[in-house]
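Tertiary structure, described
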Amino acid sequence: MSRASFEKIRDLDIPPQRRSLSLSRDLFLFACYTGTAYADVVSITRENLFTDEENNLWLKYRRKK
């Protein structure tokens with residue numbers, strides 16, 4: 001994917017009534033930014049979020065193959 005295509009997706013204005021499209025876009029971008037597989041990203045829940053002793057937020061999950 002070219003940088004221009006990526007930026008088009010990132011900057012796309014999605015109407016509020018199309019929340020599912022907005023969520024799909026955000027999950028895709030998160031996967032791209034972090035290098036996480038999309039299959040792993042869509043399975044993340046609140047139980048995967050942890051706060052350490054310095055109040056930093058961490059994501060912990062088991063990777064799927």
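Residues numbered from 1 in each chain as written. Predicted model: local features only at pLDDT ≥ 70, side-chain atom pairs only at ≥ 80, totals over all residues. Heavy atoms only, no water.

**Notes on the packing of aromatic side chains**
Defined as follows: Any pair of Phe, Tyr and Trp rings, taking the six-membered ring for Trp, is counted once the centres come within 6.5 Å. Such a pair is stacked with planes under 30 degrees apart, edge-to-face with planes over 60 apart, and tilted for the rest. Helical segments are the DSSP runs of H or I of at least four residues, strand segments are the runs of E of at least two, and each set is numbered from the N terminus. Accessible area is worked out with a 1.4 Å probe on protein chains only. A residue is then buried under 20% of its type maximum, exposed over 50%, and partly exposed in between. When the NZ atom of lysine or the CZ atom of arginine is within 6 Å of a ring's centre and also within 35 degrees of its normal, the charge is said to sit over that ring.
Taken as a whole and judged by the stated rule, the model has one aromatic pair. Considering the side-chain rings of Phe-6 and Tyr-33, the 5.5 Å spacing of their centres and the 90° angle between planes classify their relative orientation as edge-to-face. Within this pair, whereas Phe-6 is found in helix α1 (residues 3-11), its partner Tyr-33 is found in helix α2 (residues 19-34), the two being separated by 27 residues in sequence. With a relative accessible area of 54%, Tyr-33 lands in the exposed category. For Lys-60, the ring lying beneath its charged end belongs to Phe-50, and the centroid distance is 5.1 Å.

**Structural notes on α2**
Note the threshold: Here, expected helix span is obtained from the residue count minus one, scaled by 1.5 Å. Note: the arc covers the axis-to-C-beta directions of the helix.
Taking 1.5 Å of rise per residue, the 16 residues of α2 would be expected to cover 22 Å, and the 22 Å separating its terminal C-alpha atoms lies within 8% of that figure. Those residues of α2 that sit buried are Arg-25, Leu-29 and Ala-31. Relative to the axis of α2, the buried residues are bounded by an arc of 160° and lie together on one face. The exposed residues of α2 that point more than 90 degrees off its buried face are Arg-19, Ser-20 and Leu-23. Following α2 by one or two positions, Gly-35 adopts a phi angle in the positive range, close to 80°.

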